[in-house]
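Structural overview for review
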Amino acid sequence: MTNVAEVSAEEYLCTRIRRAEQALMAHHEAVLRTYGLTMTQYAVLLTLSRDDGMSGAQLARACGVTQQSMATVLTGMQAKGLIDRQPSPVHAKVMIADLTDAGRSLLDKAYQEVNVLEKAFVDKFTPAEHRQFCDLLDRATETLVEQTLRPPKPASPRPPST
């Protein structure tokens, strides 16, 4: 068994994944800030562009935030004219969000700039490397999901302290 002190943090895959995620988020946040958007607002616009007409709860799940946070985000986006919300025909208390023309236009502009990074990645790798990298990331993600869904069994309970 390897001692934790024997392995530098830079050698751990989880550390590298975290650093990559932080760099990706910093890039996207810097780009989106110039459009007056947060990552969550951008995720809402992107999600609605693919599947218009979603409830706050559906958007919260799709964007990985709480329903309470999403309610605040949607209120702000509606005030900016980026989305419109109407009562659901199925349930009057549920509001359904749709992109406005202004929201779609802003998304198109922001997406073009965010996508510059995607193109830079394509340029950094050969087509074979790109496919392999995507495969490796997918496998890493599967492992993360598996480990999250089935955490290791806890150690035996400790006796109560006296």
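For the structure itself, consult the block above.
So, how was this worked out
Within each chain, residues carry numbers counting from 1 in the order of the written sequence. Predicted model: local features are reported for residues with pLDDT of at least 70 only, side-chain atom pairs are reported and counted for 80 or more only, and whole-chain, interface and lining totals are derived from all residues. Only hydrogens and water are set aside when side-chain values are computed; all heavy atoms of the structure are taken into account. Two strands are counted as paired when DSSP detects at least two bridges linking them. Helical segments are the DSSP runs of H or I of at least four residues, strand segments are the runs of E of at least two, and each set is numbered from the N terminus. By this rule, a helix spans an expected 1.5 Å times one less than how many residues it contains. For each residue, the accessible area found with a 1.4 Å probe, counting protein chains only, is set against the maximum for its type, and the residue is called buried under 20%, exposed over 50%, and partly exposed in between. Each direction from the helix axis to a C-beta atom contributes to the arc, which is the arc of those directions. Residues are treated as being in contact if the distance between any of their heavy atoms lies within 4.5 Å.

1. Observations regarding the sheet that holds strand β2 (residues 83-87)
Pairing within the open sheet is antiparallel, and its three strands lie in the order β1-β3-β2. Among the strands making up the open sheet, the edge pair consists of β1 (54-55) and β2. The sheet contact formed by β2 and strand β3 (residues 95-99) spans five bridges and is antiparallel. Residue pairing across strands places Gln86 opposite Ile96, the latter belonging to β3.

2. Here we look at helix α4 (residues 67-79)
With 13 residues, α4 extends 18 Å from end C-alpha to end C-alpha; this agrees with the ideal 18 Å at 1.5 Å per step. Within α4, the full set of buried residues consists of Met70, Val73, Leu74 and Met77. Axial view of α4: buried residues confined to an arc of 100°, hence all on one face. Exposed residues pointing more than 90 degrees away from the buried face of α4 are listed as Gln68, Thr72 and Ala79. The elements touched by buried residues of α4 are α2 (39-50), α3 (56-63) and β2.

These figures come from the coordinates and say nothing about function on their own.
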